[in-house]
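Breakdown of the fold
Chain residues, written in single-letter form:
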Amino acid sequence: MSEHSEQDIVVDGDASSPTTTKTTMDEYKDMDEIDTDDLLDEAEITLKQPKKTLTKRKSKTGSTLTTTSTTRRSTRKSTTTATATAEKKKSTRKGKQVILPPPEDLEQANKSKKKQKEKVPVPEFNKERCQSLTQSNPDSFWQFHADSGYGMINQMNDTSSLTPVPTNMSDQAAITSMTLSSDGTLLATFSNIGAVKIWDIENDFKLVRKLRDIEEVNIDEFYCGKFASESQELLVTGGKLKDRHRWSNEDEDNHILRCPIKIFSIEENKVLSKLEGHMEEILCIKSLKFDNGNYYISTSQDGYIIKWHVEEDWITLKESTRMEDGETCMAFTVSFLPNTGNKYFMAACDEHLRLYDFEEAQLLRTFNELYSSYCDCGKFITWLDEPGRIQEQEEEENDVNVDKMEEDTKAPYSYFISRGAEMCDVDEGVSSIPNTCTLHKLVYPTETGGQFQLETVKKFKHEDYHANSWLVKITSNGRYILAPTIYGQIFVFNILTGQVTAILKEHEDLEVRDVIFHPYRPLIFSSGDDGFVKVYSYKATTVDEEADLDVGMSS
């Protein structure tokens with residue numbers, strides 16, 4: 001085990017006082033700034049007034065967020081600085097200076113503006129369409145949760161404590177995110193030094209491939225990615241591309257270029273295709289099936305959410321479409337609504353949650369100002385311990401003659417968890433407001449033309465839970481929320497009680513970026529700015545339990 005892996009793990013069933021046990025283990029084509037307001041009008045570019053701008057404040061624990069004055073300066077940082085901005089930077093205006101995007105983007109801006117002027121009507125909820133799509137393409141993600149019977153970790157308390165698993169998964173810089181293959185045998189890690197590593201979960205977590213774009217002459221940073229198909233032959237990646245020979249004083253970093261999505265052949269270790277469209281950092285990528293078609297969807301710091309329709313090979317682009325909203329400054333993560341056939345999705349954007357129609361590529365509704373700074377992570381879950389859930393399931397199983405008419409009039413709903421980054425307004429890079437995770441209930445319309453409703457069910461807080469940077473992801477197994485912090489910890493919230501039942505501490509005192517449950521093995525993975533992936537599993541206390549654990553990890 002690495003020398004960095006000797007840390008504390010806190011696991012306790014008493015939510016009020018966890019105990020500690022020690023364990024050892026752009027491309028803007030160089031267009032000049034033009035000193036006139038007339039060109040802006042001719043280009044028909046719509047500029048937004050930001051509500052606030054966030055800049056970096058250094059601390060011994062890493063970089064976090066802090067407020068500035070009413071400056072309109074656009075601040076763009078790399079992943080390791082973890083700095084959020086609050087305005088679209090594809091067009092930046094300083095007094096009378098205007099930085100224009102390339103002509104092809106001016107054309108796109110003109111089209112978007114004209115479309116907004118036409119006031120395209122918001123599409124109505126289509127119940128029949130959702131039912132048809134769901135029948136032809138049922139959700140697959142929802143089969144994995146704590147009580148699904150697949151072996152996922154389902155209890156985290158004093159009687160079901162976790163311990164680190166010896167591994168040597170690491171990189172030379174921050175590991176910004178991770179993703180598992182569809183069969184759970186491979187783990188891909190993404191680093192901001194231009195590398196993607198593939199690890200074999202079934203073979204002692206050994207490194208089996210290191211992917212790089214060897215033809216890329218600029219600086220590559222990978223922030224996110226996804227195995228593109230069940231064949232596991234392709235990996236789609238996104239992040240940030242910077243000019244190796246050009247410095248930006250404004251950004252205090254190399255000049256950012258257009259940021260393409262790169263599709264790698266894992267076997268050949270080369271880029272097979274690039275999807276061009278984002279002007280800034282790509283923060284989230286997902287692959288999905290919709291209406292018998294193959295799609296990627298991506299979000300970016302440029303504020304755009306783009307769907308990419310690709311051929312059956314998952315490589316060749318048919319067309320790309322931007323979600324029309326004209327409002328978002330920064331788009332972070334997306335999560336598709338259960339039982340809608342992937343027609344609708346929720347996106348964490350700015351300090352809001354926004355509901356989109358994927359098919360029509362339009363914003364349906366904005367749920368406003370959930371957090372003081374940014375709502376930067378969200379996902380739908382199956383809440384296993386929902387009050388009354390077990391009783392309702394038993395009634396459904398025993399009463400086969402449930403009134404069909406009564407069943408059809410019930411409003412379906414799903415649970416959604418979001419995380420917020422808060423403003424740093426005190427010394428040491430810490431906000432006076434601890435971070436918050438929120439459990440929401442999204443109630444679906446019961447008929448075509450109805451409105452979705454979002455209800456706040458519960459907030460998860462702790463005075464020591466601080467994670468004030470974006471590019472931090474939460475996860476859940478339907479019973480617990482795992483929420484990383486800036487201090488190398490992972491807070492474990494019990495969804496039913498709202499209390500902290502455990503604190504995992506294996507990383508150095510730096511930001512933990514990502515954490516995921518393995519879908520069918522008793523494993524949890526976390527990655528962070530210390531450049532390590534940590535793995536946790538149940539602590540075996542007897543020879544029989546060790547044998548059972550080995551079987552569970554190898555089956």
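Residues numbered from 1 in each chain as written. Predicted model: local features only at pLDDT ≥ 70, side-chain atom pairs only at ≥ 80, totals over all residues. Heavy atoms only, no water.

The name given to the protein in an unreviewed UniProt entry is WD40-repeat-containing domain protein, with Phascolomyces articulosus as the source organism.

As a further point, take the packing of aromatic side chains. Under the counting rule described, the total for this entry stands at 23 aromatic pairs. A ring pair is formed by Y444 and F452, whose centres lie 5.6 Å apart and whose planes are at 65 degrees; its orientation type is edge-to-face. A relative accessible area of 6% places Y444 in the buried class. The exposure class assigned to F452 is buried, which follows from its relative accessible area of 4%. Look at Y465 and F493: their rings are 5.7 Å apart centre to centre, the planes differ by 70 degrees, and that puts the pair in the edge-to-face class. Taken together, the residues span a long stretch of sequence, with Y465 in the loop between β29 (453-460) and β30 (475-476) and F493 in strand β32 (residues 489-494) at a distance of 28 residues. Pair check on accessibility: Y465 and F493 agree, each one buried. One cation-aromatic arrangement involves K307 over F358; the distance from NZ or CZ to the ring centre is 4.8 Å. The side chain of R322 reaches across the aromatic face of Y304, ending 3.9 Å from its centre. (Phe/Tyr/Trp six-rings, centres within 6.5 Å; stacked < 30°, edge-to-face > 60°. Buried < 20%, exposed > 50% of the residue type's maximum accessible area, 1.4 Å probe, protein only. Helix = DSSP H or I, 4+ residues; strand = E, 2+ residues; numbered from the N terminus. Lys NZ or Arg CZ within 6 Å of the ring centre and 35° of its normal.)

What follows is about helix α3 (residues 127-136). If you check which residues of α3 are buried, you get C130, L133 and T134. Buried residues in α3, looked at end-on, bunch into an arc of 100 degrees, giving them a common side. Structurally, α3 contributes buried residues whose contacts are with β18 (282-290) and β23 (344-349). For α3, the N-terminal capping position is held by N126, with its side-chain oxygen 3.3 Å away from the main-chain nitrogen of E128. (Arc of directions from axis to C-beta. Contact = heavy atoms within 4.5 Å. Polar contact = N/O pair within 3.5 Å; in protein donor to acceptor, adjacent residues only side chain to side chain.)

Looking now at the environment of T237. Along the chain, T237 turns up in strand β14 (residues 234-248). Residue classification places T237 among the buried residues on the basis of a relative accessible area of 1%. A C-alpha to C-alpha distance of 7.4 Å links T237 and I285, two positions 48 residues apart in sequence. In contact with T237, not counting residues within four places along its chain, are F190, V196, F222, C224, G225, P260, I261, K262, F264 and I285.

What follows is about the nonpolar core. Counting residues in hydrophobic clusters, the biggest one holds 26 residues, and the most contacted among them are L337, M346, L442 and F452. Elements with a minimum of two residues in this core: β23, β24 (352-357), β25 (362-367), β26 (374-381) and β27 (413-421). When neighbours within four sequence positions are excluded, L442 is seen to be in contact with L337, M346, F367, F380, P412, Y413, S414, F452, Q453 and L454. (Core = buried A, V, L, I, M, F, W, Y, C linked by side-chain atoms within 4.5 Å.)

Within the open sheet, the four strands sit side by side as β26-β27-β28-β29. Their pairing is antiparallel. Single-partner strands in this sheet number two, and they are β26 and β29. The average undirected angle you get between the axes of adjacent strands in this sheet is 30 degrees. Relative to strand β28 (residues 436-443), β27 is paired through eight bridges, and the arrangement is antiparallel. Residue F416 lies in a different strand from β28, and its bridge partner there is H440. (Pairing = 2+ DSSP bridges. Axes fitted to C-alpha atoms, helices over the stretch in contact; angles between N-to-C directions.)

Of all five residues that make up strand β31 (residues 480-484), five are buried, and the element is covered over most of its length. Because side chains alternate across β31, one face comprises the buried residues Y480, L482 and P484, and the other comprises I481 and A483, equally buried. Note that β30 and β31 share two bridges and pair antiparallel. Within the sheet, the bridge partner assigned to T475 lies in β31 and is L482. Remark: three residues form the turn of the hairpin made by β30 and β31, two consecutive strands paired antiparallel; G478 in that turn has positive phi of roughly 95 degrees. Pairing of β31 with β32, which is carried by five bridges, proceeds in the antiparallel orientation. Looking at the pairing, L482 lines up with V492 of β32. Remark: four residues form the turn of the hairpin made by β31 and β32, two consecutive strands paired antiparallel; G488 in that turn has positive phi of roughly 80 degrees.

With that settled, consider the side chain of N254. Structurally, N254 can be placed in strand β15 (residues 253-256). You can call N254 buried: its relative accessible area is 15%. Among residues more than four places away in sequence, those in contact with N254 are I219, K242, D243, R244, R246, W247 and S248.

Here the structure, examined in full by the defined rule, presents zero disulfides. A disulfide-free cysteine, C224 has its sulfur positioned 6.3 Å from the sulfur of C284, the nearest such atom. (Disulfide = S-S within 2.5 Å.)

Two side chains bearing opposite charge may form a pair once their charged atoms approach each other closely. This model, assessed by the stated rule, comprises 26 salt bridges. In this structure, the salt-bridge partner of D147 is R479, at a minimum N-O distance of 2.9 Å. Here the residue D147 occupies a position in the loop between α3 and β8 (162-164), and R479 occupies one in the loop between β30 and β31, the gap between them amounting to 332 residues. With a closest N to O distance of 3.5 Å, E327 and R354 form a salt bridge. You can see E327 sitting in the loop between β21 (317-322) and β22 (331-336) and its partner R354 sitting in strand β24, a full 27 residues away along the chain. (Salt bridge = Lys/Arg side-chain N within 4 Å of Asp/Glu carboxyl O.)

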